[in-house]
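Next come the chains, spelled out residue by residue.
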Amino acid sequence: MQKLPITDNESILFTKIVRKINFFASMNMGLLEKILGHIAYYSFDKGEKICRQGDPGDSFYVVAEGKLGVSVKSGFFSFSRKVAELGPGSCFGEMALLSRAPRTATVACEEPAKLFVLLADHFDAAMAQNPAFAEEIRKLAADRKFDLDHK
Ligand code: CMP
């Protein structure tokens, strides 16, 4: 994992990416600029784990580049099974932040990846300041929970 600088180019990239994510689309430029002031940008190698099932959650992630696998283990001795793939323009890490519960899945890089990272406090602030965004994030988390429970 390596922290990357955020120059104007990365700010533009972040704005472009999140504009395509439907729940960020509801955000006005002012709020998006506030978020931009708090995001960090990291690169990860193939095979690196971004978050581990069962760990506490402290961040929300938006994928800029790469391919990530989402996998879960259900029993103590069970093998992990892959439930989803995430690529540029997807986001993850919202479930633990919303429920204040441990991470529901392990997310690992299947290719080198670059991610924008927003710490929990700033994620909470974005939710509090934009009810439409909060609603869409809750919907996404509910859909994913349904997926996890039924896959
Ligand atoms: P969280 O539980 O915080 O950490 C693991 C993340 O994996 C989770 O939030 C979701 O963002 C993501 N995730 C869990 N289940 C799925 C799924 N079925 N499809 C896509 N992403 C998922």
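Residues numbered from 1 in each chain as written. Predicted model: local features only at pLDDT ≥ 70, side-chain atom pairs only at ≥ 80, totals over all residues. Heavy atoms only, no water.

Undergrad: Whenever I open this one, the site of the ligand confuses me. Can you help?
TA: Close to the ligand lie 15 residues; Gly93, Glu94, Ala96, Arg103 and Thr104 are nearest. Within the backbone of Met95, one N or O atom sits 3.4 Å away from an oxygen atom of the ligand. Here an oxygen atom of the ligand and a side-chain polar atom of Arg103 are 2.7 Å apart. In isolation the ligand exposes 460 Å². Once the protein is present, 97% of that is buried. Those elements that place two or more of their residues in the shell around the ligand are α4 (94–99) and α6 (131–150). Per-class residue counts for the shell around the ligand are 9 nonpolar, 2 polar and 4 charged. (Near = heavy atom within 4 Å. Polar contact = N/O pair within 3.5 Å; in protein donor to acceptor, adjacent residues only side chain to side chain. Areas by Shrake-Rupley, 256 points an atom, 1.4 Å probe, with all protein chains shown as cover. Helix = DSSP H or I, 4+ residues; strand = E, 2+ residues; numbered from the N terminus. Nonpolar A, V, L, I, M, F, W, Y, C, P; charged D, E, K, R; others polar.)

Undergrad: Whenever I open this one, the side chain of Ser71 confuses me. Can you help?
TA: Its location among the elements puts Ser71 in strand β5 (residues 68–72). On the basis of relative accessible area, Ser71 is assigned to the buried category, the value being 18%. Not counting residues within four places of it along the chain, the set of residues in contact with Ser71 comprises Gln53, Ser80, Arg81, Lys82, Val83, Ala105 and Thr106. (Buried < 20%, exposed > 50% of the residue type's maximum accessible area, 1.4 Å probe, protein only. Contact = heavy atoms within 4.5 Å.)

Undergrad: Hey, could you run me through the sheet that holds strand β3 (residues 49–51) in this one?
TA: Note on sheets: strands pair through backbone hydrogen bonds, and any given pair is parallel or antiparallel. Strand order in the open sheet made by the 4 strands is β3-β8-β5-β6, with antiparallel pairing throughout. Every other strand in the sheet has two partners, leaving β3 and β6 (81–86) as the edge strands with one partner each. Direction aside, the axes of adjacent strands within the sheet are offset by 30° on average. Strand direction decides the pairing type here: β5 and β6, joined by 5 bridges, are antiparallel. Bridge pairing links Ser71 to Lys82 in β6. (Pairing = 2+ DSSP bridges. Axes fitted to C-alpha atoms, helices over the stretch in contact; angles between N-to-C directions.)

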